[in-house]
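Chain and residue survey
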Amino acid sequence: MQIFGDEIRFGVHAGPQHASYDDYLALWRNAEDLGYDWVSVFDHFLPIHGSEKGLCFEGPTLLGAMAAHTSRVRCGMLVTGVTYRHPAVLANIVATLDHIAGGRIEFGLGAAWFELEHEQYGIPFPRIGERMDMLDEACRVARGLWTQETTTFEGRHFHLRDARCEPKPVQQHLPLVIGGSGERRTLRIVAEHADIWNTFYGDEDEFRHKLGVLAGHCADVGREPAGIRVSLTFRAVLRDTEREAADAVREVFGPVMDNPLMRKMLIAGTPEQCAERLGALRDLGAGDFLLGTVAPGDARTLELIAREVAPAMRAA
């Protein structure tokens, strides 16, 4: 059975870069007040959009602070790179976060991609195949520590012997999110380990194809695809008219929109148009829709999604 059932959830995903702590906290509180189901941080040591010289808060530490300052919204991480921390250390961090949040954590893992931060910090950055192997092992280590009294694990990259993680997470089954869309390895790891698969909003045919690839991997490992919740991160600038939305895009996102991927993720228009475009992917199986933004966020878009887009999507 899929985690959270057939419920359609809306969230906000905001990387903690180029923003003050107060502005970032205000975004989380605003999202919770508006009724969003989820808010998430990213985990990087440098800004990933715009200038690398700006502010960038450390992910798990900030997530703990946000969890302590909210009471209802689910608290997510999209996603921590497997190269950053030993997975046993990370599993303990996440268990602690779940206690701070009162059982609201949904934690994401990925194979890491931002080579510059590895270069600056002297963190090894193996080839992608090796990082994928590390990701697979990390998922096994974390789930073992969260659910077993002791965990012994012998992998190529990580080794545990009668390892303990106490206290366990508050949640009996803490949701594990895997981010990425690589068809051969990432989606295989999703099929084997993920409760939630997160990818970027984009072309409908491409999304349909990826779902088919994931279904094939699920068949190989003996798992029902319906047991994996599908999460899409999109960007949006919504206004009462298309013209107003188009005029506001540069004001809201600035030079970030020079990135082709960001433009592909963007929905600029009215709430009705946004609901129509997201609805096509909901009908294919997406259950979570996460608005990618930057603190303090575009207040009008945040409100229109919460007040108009989300209710329309749920009613349909």
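Residues numbered from 1 in each chain as written. Predicted model: local features only at pLDDT ≥ 70, side-chain atom pairs only at ≥ 80, totals over all residues. Heavy atoms only, no water.

1. Topic: empty space enclosed by the protein
Tallied over the full model, the rule gives one cavity of 30 Å³ or more. Of the pockets and cavities examined, the largest cavity occupies roughly 30 Å³. Lining the largest cavity are Leu-90, Ala-91, Val-94, Phe-107, Leu-109, Ala-142, Trp-146 and Leu-176. Among the secondary structure elements, those contributing two or more residues to the lining of the largest cavity are helix H3 (87–100), strand E4 (105–110) and helix H5 (128–147). The greatest single-element share of the lining of the largest cavity, amounting to three residues, is contributed by H3. (1 Å grid on protein atoms, 1.4 Å probe; cavity = no way out; pocket = protein on both sides within 12 Å on 5 of 7 lines; lining within 4 Å. Points joined across faces, edges and corners; volume = space filled by probe spheres on them. Helix = DSSP H or I, 4+ residues; strand = E, 2+ residues; numbered from the N terminus.)

2. Overview of the environment of Ala-112
Tracing the backbone shows Ala-112 in the loop between E4 and helix H4 (115–121). Residues Ala-112 and Arg-282 lie 170 residues apart in sequence; the distance between their C-alpha atoms is 28 Å. Apart from residues lying up to four places away in sequence, Ala-112 is in contact with Gly-81, Val-82, Thr-83, His-118, Phe-125 and Arg-131. (Contact = heavy atoms within 4.5 Å.)

3. Concerning the packing of helix H6 (residues 186–193) against helix H7 (residues 204–221)
Close contact between H6 and H7 brings their axes to 8 Å; oriented N to C, the two are set at 50°. Taken together, H6 and H7 sit at an angle that is classed as oblique. Handedness of the crossing formed by H6 with H7: right-handed. Across the interface between the two elements, Leu-187, Arg-188, Val-190, Ala-191 and Glu-192 from H6 touch Lys-210, Val-213, Leu-214, His-217, Cys-218, Asp-220 and Val-221 from H7. Grouping the amino acids of the contact of H6 with H7 by side-chain chemistry returns seven nonpolar, one polar and four charged. (Axes fitted to C-alpha atoms, helices over the stretch in contact; angles between N-to-C directions. Parallel < 35°, antiparallel > 145°, perpendicular 65-115°, else oblique. Left-handed = near helix turned anticlockwise from the far one by under 90°. Nonpolar A, V, L, I, M, F, W, Y, C, P; charged D, E, K, R; others polar.)

4. What about the pattern of salt bridges?
Under the definition given, this model contains 24 salt bridges. The partner of Arg-300 in a salt bridge is Glu-303, with the nearest N and O atoms 3.9 Å apart. On the criterion of helical spacing, the pair formed by Arg-300 and Glu-303 is a turn pair, its members being three residues apart in helix H11 (residues 299–315). A relative accessible area of 35% means that Glu-303 is categorised as partly exposed. Salt bridges here are not isolated pairs; linked through shared partners, they connect Arg-9, Arg-74, Glu-106, Arg-229 and Asp-288. (Salt bridge = Lys/Arg side-chain N within 4 Å of Asp/Glu carboxyl O. Buried < 20%, exposed > 50% of the residue type's maximum accessible area, 1.4 Å probe, protein only.)

5. Here we look at the nonpolar core
Ranked by internal contacts, the top residues of the largest apolar core, which has 84 residues, are Phe-10, Tyr-36, Phe-234 and Leu-278. Element by element, the count of residues in this core is highest for H5, at nine residues. The residues contacting Leu-278, other than those within four sequence positions of it, are Phe-10, Tyr-201, Phe-234, Ile-267, Phe-289, Val-309 and Met-313. (Core = buried A, V, L, I, M, F, W, Y, C linked by side-chain atoms within 4.5 Å.)

Geometric values such as these leave the question of function open.
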